[in-house]
Amino acid sequence: MATKAYAALLRGINVGGSKKVPMARLRPLVEGLGCGDVRTYLQSGNATFTSDHGGEESLAAEMSAAIEKEFGFDVDVIVRDHAYLKSVVDACPFPADTLEGKQLHVTYFSAPVDPERFASVDRAAFAPEDFRLGARELYLYAPDGLGRSKLAAQLSRPGLNKGLIATSRNWNTVVKLAEMTGA
């Protein structure tokens, strides 16, 4: 199997004092799984690496199990390869080059998402905020940032995301992870 570059997106770590996963400890943990070129980005649970074994789902499962063993708590992990990460950047339906990084976010899902899942969301009620679905991602335009976004709160309701792992990143991080896996 050829070596591919990936990013691991850890959900819900290092937020509000719980589920602490220091990046200095995450790097050797990922290396211990047989991965190379391991780098982390920010403290919010982003790691890039190369691997010549497994695929996205198996790598995510291995990483999640290793984190639980090392730190004693469960962490959902989504792994995506460089081609996918670059396609997310290239397919952005919003004018990313004219927006601040905090205004545009991508929610990555663990599986493809049927648009019917979000059909009940009244987009007009949240204007100027807006969202668009991709295959395994959701693009969110939140002009006042994610923390103030009423649409983000609506989109993250458990009923809408039932059966999926979902984790969001701001546009700066989305672009950086595509760059880091492309090097």
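Structural data are supplied above this passage.
This one's a predicted model, so the numbers in the text were calculated from it and none came from an experiment. (Residues numbered from 1 in each chain as written. Predicted model: local features only at pLDDT ≥ 70, side-chain atom pairs only at ≥ 80, totals over all residues. Heavy atoms only, no water.)

## Observations regarding the overall build of the chain
Here comes step 1: When you go through the chain residue by residue, the secondary structure sums to 5 helices and 8 strands.
Here comes step 2: What you see in the chain, going N to C, is helices and strands ordered as β-α-β-β-α-β-α-β-β-β-α-β-α.
Here comes step 3: On the principal axes, the C-alpha backbone points of the chain span a range of 50 × 30 × 30 Å.
Here comes step 4: Expressed as a percentage of its 183 residues, the buried residues of the chain come to 47%.
Here comes step 5: Within the chain, contacts between residues at least 6 apart in sequence are counted, and of these 68% link residues at least 24 apart.
Here comes step 6: Treating the 21 positive side-chain charges of the chain as one cloud and the 22 negative ones as another, the clouds have centres 5 Å apart. (Helix = DSSP H or I, 4+ residues; strand = E, 2+ residues; numbered from the N terminus. Buried < 20%, exposed > 50% of the residue type's maximum accessible area, 1.4 Å probe, protein only. Contact = heavy atoms within 4.5 Å. Lys, Arg positive; Asp, Glu negative; His and termini not counted. Charge placed at Lys NZ, Arg CZ, Asp CG, Glu CD.)

## Quick look at the sheet that holds strand E5 (residues 104-109)
Here comes step 1: Across the sheet, which stays open at both edges, the 4 strands sit in the order E6-E7-E5-E8 with antiparallel pairing between neighbours. With one partner strand each, in any of the chains shown, strand E6 (130-133) and strand E8 (166-170) form the two edges of the open sheet. Between one strand axis and the next, the sheet turns through 20° on average, direction left out of account.
Here comes step 2: In this structure, E6 lies alongside strand E7 (residues 137-141), joined through 4 bridges in antiparallel fashion. (Pairing = 2+ DSSP bridges. Axes fitted to C-alpha atoms, helices over the stretch in contact; angles between N-to-C directions.)

## Some remarks on unusual backbone geometry
Here comes step 1: For the peptide bond that leads from Ala127 to Pro128, omega is 10°, which places it in the cis range.
Here comes step 2: Topologically, Pro128 is positioned in the loop between E5 and E6.
Here comes step 3: We note that Asp37 has phi near 50°; this positive angle belongs to a residue other than glycine.
Here comes step 4: Judged by relative accessible area, which is 60%, Asp37 ranks as exposed.

## A closer look at the pairing of strand E2 (residues 36-40)
Here comes step 1: Both E2 and strand E3 (residues 46-51) contribute to a ladder of 3 bridges, which runs antiparallel. Within E3, the position partnered with Gly36 by the bridge is Thr50.
Here comes step 2: Between E2 and E3, which pair antiparallel one after the other, the connecting turn spans 5 residues, and Leu42 there sits at a positive phi close to 60°.

## Considerations on helix H5 (residues 171-182)
Here comes step 1: Helix length check: H5, at 12 residues, gives a terminal C-alpha distance of 17 Å against a target of 16 Å (1.5 Å per residue), a fit within 8%.
Here comes step 2: Taken as a whole, H5 has its buried residues at Trp171, Thr173, Val174, Leu177, Ala178, Met180 and Thr181.
Here comes step 3: The opening residue of H5, the one whose side-chain oxygen lies 3.0 Å from the backbone nitrogen of Asn172, is Asn170. (Expected span 1.5 Å × (residues − 1). Polar contact = N/O pair within 3.5 Å; in protein donor to acceptor, adjacent residues only side chain to side chain.)

## Here we look at the environment of Arg39
Here comes step 1: Among the secondary structure elements, Arg39 is positioned in strand E2.
Here comes step 2: On a C-alpha basis, the gap between Arg39 and Val77 in space is 16 Å, while along the polypeptide they are 38 residues apart.
Here comes step 3: Arg39 has contacts with Arg27, Asn46, Ala47, Thr48, Met180 and Ala183, leaving out every residue within four places of it along the chain.

## A word on the pattern of salt bridges
Here comes step 1: Under the counting rule described, the total for this entry stands at 7 salt bridges.
Here comes step 2: A salt bridge links Arg25 to Glu70, with the nearest nitrogen and oxygen atoms 2.9 Å apart. Pair noted here: Arg25 is in helix H1 (residues 23-31) and Glu70 is in helix H2 (residues 56-71), with a separation of 45 residues, a long-range link.
Here comes step 3: Accessibility expressed as a relative area gives 39% for Arg25, which makes it partly exposed.
Here comes step 4: Between Asp90 and Lys86 there is a salt bridge whose closest N-O contact spans 2.8 Å. (Salt bridge = Lys/Arg side-chain N within 4 Å of Asp/Glu carboxyl O.)

## Examining the sheet that holds strand E4 (residues 77-81)
Two modes of strand pairing occur in sheets, parallel and antiparallel, and in both the strands are linked by backbone hydrogen bonds.
Here comes step 1: In space, the 4 strands of this open sheet follow the order E2-E3-E1-E4, with antiparallel pairing throughout. The sheet terminates laterally at E2 and E4, the two strands that pair on one side only. Neighbour to neighbour, the strand axes of the sheet diverge by 20° on average, direction disregarded.
Here comes step 2: Sheet topology places strand E1 (residues 4-10) next to E3; 6 bridges connect them, and they run antiparallel.

Shape descriptors only; they carry no functional weight alone.
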